[in-house]
Amino acid sequence: MRNMRPIDLRSDTVTKPAAAMREAMANAEVGDDVFAGDPTINRLQEKVAQLLGKEAAIYVPSGSMANQTAIRAQTQPGDEIITHEDNHIYHYEAGAPAALSGCSLKLLPGKHGFFDAEAVRSALRPADSHFPQSSLIVIENTHNRGGGTCWSIDAIADIRRVADEHGLKMHLDGARLLNACIAKGHKPADYAKYFDTVSICFSKGLGAPVGSAVASTKEKIKRVHRFRKMFGGGMRQGGIIAAGALYALENHVDRLATDHANAKKLATALAEIPGLSIDLGSVETNILYCDIDPRLGTGPDFASKLNEAGVWMIATAPQRIRAVTHLDVSTEDIDRAIEIVRKSVA
Ligand code: TLP
């Protein structure tokens, strides 16, 4: 295995720009984006706003900054954000809602990253000065720790009704929204219309090297712009990287279906290996979680064994590993990965 290229399934963030994307980046027209003068960033922002059916969009350096600027723009210190206990904003953003916006989180349980309108209703704080003020609901779609699962539009619409009754705003962490759209046959705007702010990432399944965007009304994007500056995310000749994002939007959306088929193929084969269990029903897009029987060691042990054998996955819990498919992993790589996992277990 030593001389073979490792199959990197740690995340869809690991993709590297290929020649055509690099060429688009090298040829990008640029300007100073802090003065709104970068034509490539402006073009990207218009395209994202249109895709999501919103008035405006803003390019930001990362998915975390997209979420955190959207949160800061729609909350006050002392507010409470209603979200799922497995959401990225809670697990993987370094405590940012508390640190950057002064907000606490009301965490809802639920299978696969989902919760319903009734759970939101019960989580709402009474209008009493003792309590934090419930002001924002954050939904993640696809849901990363839920297994790349896709929210139903009906469930979102029900939650929106509760939000409207009580004057709450809604943010969509759509880092992988386009995966959900490809899997479910929805348009991005079909989901986005229920949210005040929506983020999407270009550096996950879409395969661009850097960047995310937030879309909303013009007024709200002005606020997000202010917080992007405050959080240190103002960029100058960012058109170089925005060109990679534009290229990804133009060329890498429909091919997400291949990543989904590869994830399904991998999941189906791994589920047959004794000692590995996978909830196959939850594998709707490009992410799969695999529970490891303790007889095979812990999740981290098993991941490091696979790592040495040339298949890179990450442990996300003591007995759980994650694999994510993406455009730098072919169907042949998946076949090879399956063989390597089989041998490692044997
Ligand atoms: N997710 C990464 C890690 O941070 C866990 C991954 O490998 O999956 N929202 C969601 C749903 C995400 O999955 C991620 C990244 C982000 C936001 C943050 O994006 P970045 O890494 O660009 O800040």
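The residue numbering used here restarts from 1 in each chain and proceeds along that chain's sequence as written. Thresholds applied to this predicted model are a pLDDT of at least 70 for local features of residues and 80 or more for the giving and counting of side-chain atom pairs; totals over whole chains, interfaces and linings are not thresholded and use all residues. The basis for every side-chain value is the complete set of heavy atoms in the structure, and neither hydrogens nor water enter the calculation.

**A closer look at the environment of Gly31**
Condition: Secondary structure counts use DSSP, requiring at least four H or I residues in a row for a helix and at least two E residues in a row for a strand, with both numbered from the N terminus. Contacts: residue pairs with any heavy atoms within 4.5 Å of one another.
Tracing the chain through its elements places Gly31 in the loop between helix 1 (19–26) and helix 2 (39–52). Each C-alpha atom, one on Gly31 and one on Gln237, is 5.2 Å from the other, the two residues being 206 residues apart in sequence. Not counting residues within four places of it along the chain, the set of residues in contact with Gly31 comprises Gly37, Asp38, Pro39, Arg236 and Gln237.

**Topic: the site of the ligand**
Defined as follows: Whether a residue is near a molecule or strand depends on its heavy atoms: if one lies within 4 Å, it is near. N or O atoms within 3.5 Å of each other form a polar contact, as long as, within protein, one can give a hydrogen and the other can take it, and as long as residues adjacent in sequence are counted only when both atoms are side-chain atoms. Note on areas: these come from Shrake-Rupley sampling with a 1.4 Å probe, and a residue is covered only by the protein chains present in the view.
Taken together, 15 residues lie near the ligand, and Ser11, Gly63, Ser64, Asp173 and Arg176 sit nearest. A distance of 2.7 Å separates an oxygen atom of the ligand from a polar atom in the side chain of Ser64. A distance of 2.8 Å separates a nitrogen atom of the ligand from a polar side-chain atom of Asp173. In isolation the ligand has 510 Å² of accessible area, and contact with the protein removes 82% of it.

**Considerations on the sheet that holds strand 13 (residues 320–324)**
As a reminder, the rule being used: One bridge is not enough; two strands pair if DSSP finds at least two bridges between them. Here, axes are lines fitted to C-alpha atoms. For helices the fit covers the stretch in contact, and angles between N-to-C directions go from 0 to 180 degrees.
Spatial strand order, 9-10-13-12: four strands in an open sheet with antiparallel pairing. Sheet topology places strand 9 (276–277) and strand 12 (314–317) at the edges, where each strand pairs with a single neighbour. Relative to strand 13, strand 10 (residues 287–292) runs antiparallel, the two sharing five bridges. Paired with Leu288 across the two strands is Ala323, which belongs to strand 13. Seen against the sheet, helix 12 (residues 256–271) touches strand 9, strand 10 and strand 13 and runs at an angle of roughly 15 degrees to strand 10.

**Examining the nonpolar core**
Operational definition: Only buried Ala, Val, Leu, Ile, Met, Phe, Trp, Tyr and Cys residues count toward a nonpolar core, and they belong to the same one when joined by side-chain atoms within 4.5 Å. We call a residue buried when its accessible area falls under 20% of the maximum for its residue type, exposed when it is over 50%, and partly exposed in between, using a 1.4 Å probe and counting protein chains only.
By size, the foremost hydrophobic cluster in this structure holds 55 residues, and its most contacted members are Leu44, Val48, Tyr59, Ile137, Ile139, Ile159 and Phe202. Here this core takes seven residues from helix 11 (residues 239–251), the largest share from any one element. Other than its neighbours up to four places away in sequence, Leu44 contacts Tyr59, Phe202, Ala242, Ala245, Leu246 and Leu249. Judged by nonpolar contacts, the second largest core, of 29 residues, contains Leu270, Ala303, Val311 and Ile338.

**Quick look at the pattern of salt bridges**
The line we're drawing: Here a salt bridge means any side-chain nitrogen of Lys or Arg lying within 4 Å of a carboxyl oxygen belonging to Asp or Glu.
One pass over the structure, following the stated rule, counts 18 salt bridges. Between Asp8 and Arg10 there is a salt bridge whose closest N-O contact spans 2.7 Å. Judged by its relative accessible area of 13%, Asp8 falls in the buried class. Exposure remark for Arg10: the relative accessible area of 32% places this residue in the partly exposed category. For Glu80, the salt bridge identified is with Arg125, shortest N-O distance 2.6 Å. Here the residue Glu80 occupies a position in strand 3 (residues 79–84), and Arg125 occupies one in the loop between helix 6 (117–123) and strand 5 (133–140), the gap between them amounting to 45 residues. One network of salt bridges, with partners in common, ties together Glu118, Arg121 and Glu165.

**Regarding unusual backbone geometry**
Of the consecutive residues Asn141 and Thr142, the connecting peptide bond is found in the cis state with omega at 0 degrees. Structurally, the position occupied by Thr142 is in the loop between strand 5 and helix 7 (153–166). Phi is positive for Ala36, which is not a glycine, with a value near 60 degrees. Residue placement: Ala36 occurs in the loop between helix 1 and helix 2.

**Thoughts on the packing of aromatic side chains**
Which entries qualify depends on this criterion: For Phe, Tyr and Trp, rings pair up if their centres lie within 6.5 Å, where Trp contributes its six-membered ring, and each pair is then called stacked (planes under 30 degrees apart), edge-to-face (over 60) or tilted (otherwise).
Using the criterion set out here, one finds four aromatic pairs in the structure. Considering the side-chain rings of Tyr59 and Phe202, the 6.0 Å spacing of their centres and the 45 degrees angle between planes classify their relative orientation as tilted. One end of the pair, Tyr59, is in strand 2 (residues 56–60); the other, Phe202, is in the loop between strand 7 (197–201) and strand 8 (212–216), and 143 residues separate them in sequence. Across the pair, Phe202 and Tyr59 agree in class, each one buried.

**Let's talk about the domain arrangement of the protein**
This is how the line gets drawn: For the domains described, the bounds stem from an automatic or database domain assignment. Here the quantity called buried area is the accessible surface, traced with a 1.4 Å probe, that two parts lose on coming together, added over both. Residue polarity follows a fixed list, in which Ala, Val, Leu, Ile, Met, Phe, Trp, Tyr, Cys and Pro are nonpolar, Asp, Glu, Lys and Arg are charged, and the others, Gly among them, are polar.
Split by domain assignment, the protein resolves into domain 1 (7–15 + 255–345) and domain 2 (31–251). The centre of domain 1, based on its C-alpha atoms, is set 28 Å off from the matching centre of domain 2. Counting from both sides, the interface comprises 20 residues of domain 1 and, opposite them, 22 residues of domain 2. A buried area of about 1,600 Å², summed over both sides, lies between domain 1 and domain 2, and 48% of it is on carbon and sulfur atoms. A per-residue breakdown of the area domain 1 buries against domain 2 is headed by Asp12, Leu256 and Glu284, which together make up 31% of the total. Counting across the interface, domain 1 meets domain 2 through two salt bridges. Scanning the region where domain 1 abuts domain 2 turns up nine residue pairs in polar contact (both at pLDDT 80 or more). Counting only elements with at least two residues in the side of domain 1 that touches domain 2, the list comes to helix 12 and strand 10. Among the elements that make up the side of domain 1 that touches domain 2, the one with the highest residue count is helix 12 (four residues). Across the side of domain 1 that touches domain 2, the residue classes break down as six nonpolar, eight polar and six charged.

**Re the pairing of strand 7**
With five of its five residues buried, strand 7 lies for the most part within the structure. Both faces of strand 7 are covered, namely the face carrying Thr197, Ser199 and Cys201 and the face carrying Val198 and Ile200. Both strand 6 (residues 169–174) and strand 7 contribute to a ladder of four bridges, which runs parallel. Of the residues in strand 7, the one forming a bridge with Leu172 is Val198. Where strand 7 meets strand 8, four bridges bridge the pair, whose relative direction is antiparallel. Residue Cys201 lies in a different strand from strand 8, and its bridge partner there is Ser212.

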